[in-house]
Amino acid sequence: MSKDEGRVLRLLLVEDNPGDARLFKEELKRVPSVSFDVRHVMRLAEAEAQVGEPGLDAVLLDLSLPDGQGLANIQRMVQAAPMLPLVVLTGTDDDELAMRAVHAGAQDYLVKGQVTGPLLVRALRYAIERKRVEEGLKREEAARQTALFREQFLGILGHDLRNPLQAITGNAALLLRYGGLSDPQRKAVHRISNSAERMARMIGDLLDFTRTRLGGGYTLQRTEMNVHDVLRQVVEELEVAHPGRKFELNVSGTGWGTWDMGRIAQAASNLVGNAVQYSPEDSVVRVSACDEGPGVRVEVRNGGPPIPAERMPHIFDPFVRGAEVSRTRTGLGLGLYITHEIVKAHGGTLQVRSTEAEGTCFWMNLPRQVPSAPASLGPSPGGLVGV
């Protein structure tokens, strides 16, 4: 059903001939299925002054007026009200003029001597609907261009920031190793190094995000690997980073498969790091892996508060975070989105369950074999990347 069904359509009639104006009003009344509230003006300047008022649905415009002639009338009306549908009235039956009128911004072109009530009503309703579609497409394209620019900008920004950050972390490492620093100086340089590394992880997340959103990823670098070894490395690194936290790692089965080692490490690090961030400091983070059908199932559990129900449908969307339970929470809210994309690129699935009684469990199912259609993502990072 049309959005206009059952409501009165407000029409601005721009016509300097009172007889023609009266005829058009009468013709509109002959179609009882649609009601029109017609406002009549005789000059183009009057029309320009009124089209900005809210509530108008369409303009019926004569091309021959005391203060305006021809296609210039269309241009003036389009400039005054670019979003208002416009139907042209003229006494000239000229196909070329009709085409030029449409190119100038009119939705339709009617010849006065040939106008009937049904034809006029149909032209007005089609004009309103076509204009809606046209404006909707323009908004969609504008939104697409804005999103494309934003993501390209983030990608360029992330890429260009990497070089100075590498210089900072490299020189900080040299100072820590050979600088002969006092204890306060060593602590200060260590903080600089940690901050630079954290920023590098954020930039890596931004680059991964832009690659997946812009569709410019690279083929995964698959090798024969053991996911158990990757999980041990991830847990060991997080034990060093969080010495007060407790971790449990349980693996069974073979753990072998053909995956991108760097990306699987990144996904696992994101999930385990997320569990650390969103659970109490005295709770245990449990990591497990087991064979399941043609693949391997990796689970990460924590005993923190459950994820709010309203956030669950969007938990793998970019820039979405869980409840803020940790003051040390860092990152951009891209970790779970990137992890989901990594698992999907491998032909697997990432799922979550979260309850008050059981806590939160994320699990990824990774098929051992390469999918029939090769999946793509960005190149593997140089090291493990947390959330």
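First, a word on what this report is: a plain description of the structure on this page. (Residues numbered from 1 in each chain as written. Predicted model: local features only at pLDDT ≥ 70, side-chain atom pairs only at ≥ 80, totals over all residues. Heavy atoms only, no water.)

1. Considerations on the sheet that holds strand β1 (residues 8-14)
Overall, parallel pairing links the five strands, which are arranged β2-β1-β3-β6-β7 in an open sheet. The open sheet is flanked by β2 (35-41) and β7 (108-111), the only strands paired with a single partner. Pairwise comparison of adjacent strand axes, ignoring direction, gives a mean angle of 25° for this sheet. Two strands pair when backbone bridges link them, and β1 and strand β3 (residues 58-62) are joined in this way by four bridges, in the parallel orientation. For V14, the partnering residue across the bridge sits in β3 and is L61. Of the strands in this sheet, β1, β2 and β6 (86-90) are in contact with helix α1 (residues 18-29), which crosses β2 at around 175°. Relative to β3, helix α3 (residues 71-80) is tilted by about 155°, and along the sheet it contacts β3 and β6. (Pairing = 2+ DSSP bridges. Helix = DSSP H or I, 4+ residues; strand = E, 2+ residues; numbered from the N terminus. Axes fitted to C-alpha atoms, helices over the stretch in contact; angles between N-to-C directions. Contact = heavy atoms within 4.5 Å.)

2. Describing the nonpolar core
Formed by 40 residues in total, the largest nonpolar core has its most connected members in V272, V285, F362 and M364. Elements represented by at least two residues in this core include exactly α6 (183-214), α7 (227-241), α8 (261-277), β12 (284-292), β13 (295-302), α9 (335-345), β14 (349-355) and β15 (359-367). Top element by residues in this core is α8. It accounts for eight residues. Beyond its immediate stretch of four places on either side in the chain, V285 contacts R245, K246, F247, E248, V272, A275, V276, S279, V300 and R301. Core analysis: the second largest hydrophobic core is formed by 24 residues, L12, V51, L56 and L86 among them. (Core = buried A, V, L, I, M, F, W, Y, C linked by side-chain atoms within 4.5 Å. Buried < 20%, exposed > 50% of the residue type's maximum accessible area, 1.4 Å probe, protein only.)

3. Things to note about a nonpolar patch on the surface
Taken together, the side chains of F149, F153, L157 and L161 make up a nonpolar region of the molecular surface, amounting to roughly 380 Å² of accessible area. If you trace the backbone, F153 turns up in helix α5 (residues 117-178). Residue classification places F153 among the partly exposed residues on the basis of a relative accessible area of 45%. (Patch = residues over 30% accessible without salt bridge, like charges linked within 9 Å, V, L, I, M, F, W, Y side chains within 5 Å. Areas by Shrake-Rupley, 256 points an atom, 1.4 Å probe, with all protein chains shown as cover. Salt bridge = Lys/Arg side-chain N within 4 Å of Asp/Glu carboxyl O.)

4. Quick look at a negative patch on the surface
Taken together, the side chains of D93, D94, D95 and E96 present a region of like negative charge at the surface. Inspection of the secondary structure assignment puts D95 in helix α4 (residues 95-104). (Lys, Arg positive; Asp, Glu negative; His and termini not counted. Charge placed at Lys NZ, Arg CZ, Asp CG, Glu CD.)

5. Brief notes about the pairing of β1
Counting buried residues in β1 gives five out of seven residues, a clear majority hidden from the surface. One ladder, built from seven bridges, connects β1 with β2; its direction is parallel. From the neighbouring strand, V8 faces β2, where its bridge partner is S35. One crossover worth recording links β1 to the parallel β2 by way of α1, and it is right-handed. (Right-handed = clockwise from strand over helix to strand, strands pointing away.)

6. Notes on the sheet that holds β13
Strands sit in the order β10-β12-β13-β15-β14 across an open sheet of five strands; the sheet is mixed. In this open sheet, the two edge strands, each paired with only one partner strand, are β10 (246-251) and β14. Strand-to-strand, the axes of this sheet are offset by a mean angle of 15°, without reference to chain direction. Note that β14 and β15 share seven bridges and pair antiparallel.

7. Some thoughts on the side chain of E15
Take E15: it is sitting in the loop between β1 and α1. Take E15: its relative accessible area is 0%, and that puts it in the buried class. Within the structure, the side chain of E15 is placed 2.9 Å from the side chain of K112, a separation counted as a polar contact. (Polar contact = N/O pair within 3.5 Å; in protein donor to acceptor, adjacent residues only side chain to side chain.)

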